[in-house]
Amino acid sequence: MDLSKFFVKAPLIPVICQDSKNGEVLMLGYANAEALRRTMETGTAWFFSRSRQKLWNKGETSGNYIYVDRILSDCDDDTLIYVGRPCGPVCHTGNRTCFFTTLWEHDERKDEDK
């Protein structure tokens, strides 16, 4: 499979990881062509670390792999979703997902006061 169409706009593309069991968003990472190829070959989530400037396999040191069942592409072929099964917490903080902090939430009570 020719993966080059995914990297026309940029050498790295965002990858959302989603739990195949319940649809929960687990994390966001970035992939280059090699990370995507390795994900497809091994069935585990691979990324390119922007800070370390190298490939990394999620779970390689912690054992908390994400086993990828399928990969979805958006309509522009510039963002991917790895749909899979996490083996343990995904976040380096020990949380199940990296998205555990509420930044803002709509307060419906304010709407009732109008």
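This text follows the structure it describes.
Going along each chain's sequence as written, the residues are numbered from 1 onward. This being a predicted model, a pLDDT of at least 70 is required before a residue's local features are given, and a value of 80 or more before pairs of side-chain atoms are given or counted; all residues contribute to the totals for chains, interfaces and linings. Here the side-chain values reflect all heavy atoms present in the structure, with hydrogen atoms and water set aside.

On to the side chain of Thr97, then. To qualify as a helix, a DSSP run of H or I must reach at least 4 residues; to qualify as a strand, a run of E must reach at least 2; elements of each kind are numbered from the N terminus. Along the polypeptide, Thr97 turns up in the loop between strand E6 (80–86) and helix H2 (108–112). Thr97 gets classed as buried once you look at its relative accessible area, which sits at 7%. Pairs of N or O atoms are called polar contacts if they sit within 3.5 Å, as long as, within protein, a hydrogen donor faces a hydrogen acceptor (for residues adjacent in sequence, only side-chain-to-side-chain pairs). There is a polar contact of 3.1 Å between the side chain of Thr97 and the backbone nitrogen of Phe99. Ignoring anything within four residues of it in the chain, the contact list for Thr97 reads Glu24, Val25, Leu26 and Cys91. Partly exposed residues are those whose accessible area sits between 20% and 50% of the maximum for their type, while under 20% is buried and over 50% is exposed, using a 1.4 Å probe and protein chains only. Two residues form a contact once any of their heavy atoms are found within 4.5 Å.

A separate point is unusual backbone geometry. Within the chain, Gln53 stands out as a residue other than glycine whose phi angle is a positive 55 degrees. By the secondary structure assignment, Gln53 is in the loop between strand E3 (46–49) and strand E4 (54–57). One non-glycine residue with positive phi stands out, namely Asp77, at about 55 degrees. Looking at the secondary structure, you find Asp77 in the loop between strand E5 (66–73) and E6. Asp77 gets classed as partly exposed once you look at its relative accessible area, which sits at 21%.

Whenever a carboxyl oxygen of Asp or Glu lies within 4 Å of a side-chain nitrogen of Lys or Arg, that contact is scored as a salt bridge. Using the criterion set out here, one finds eight salt bridges in the structure. When the shortest N-O distance is used, the salt bridge between Glu24 and Arg96 registers 2.7 Å. Remark: Arg96 occurs in the loop between E6 and H2 and Glu24 occurs in the loop between strand E1 (13–19) and strand E2 (25–31); sequence separation between them is 72 residues. For Arg85, the salt bridge identified is with Asp69, shortest N-O distance 2.9 Å. Separated by 16 residues along the polypeptide, Arg85 in strand E6 and Asp69 in strand E5 bring together distant segments of the chain. Since its relative accessible area comes to 43%, Asp69 is described here as partly exposed.

For patch building, the residue pool is restricted to those with more than 30% relative accessible area and no salt bridge; the joining distance is 9 Å between like charges and 5 Å between nonpolar side chains (Val, Leu, Ile, Met, Phe, Trp, Tyr). Here the accessible surface of atoms and residues is derived via Shrake-Rupley with a 1.4 Å probe, and residues count as covered only by protein chains that are part of the display. There is a patch of nonpolar side chains on the surface, built from Met1, Met40 and Ile71 and spanning about 330 Å² of accessible area. Mapping Ile71 onto the fold places it in strand E5. Residue classification places Ile71 among the partly exposed residues on the basis of a relative accessible area of 30%.

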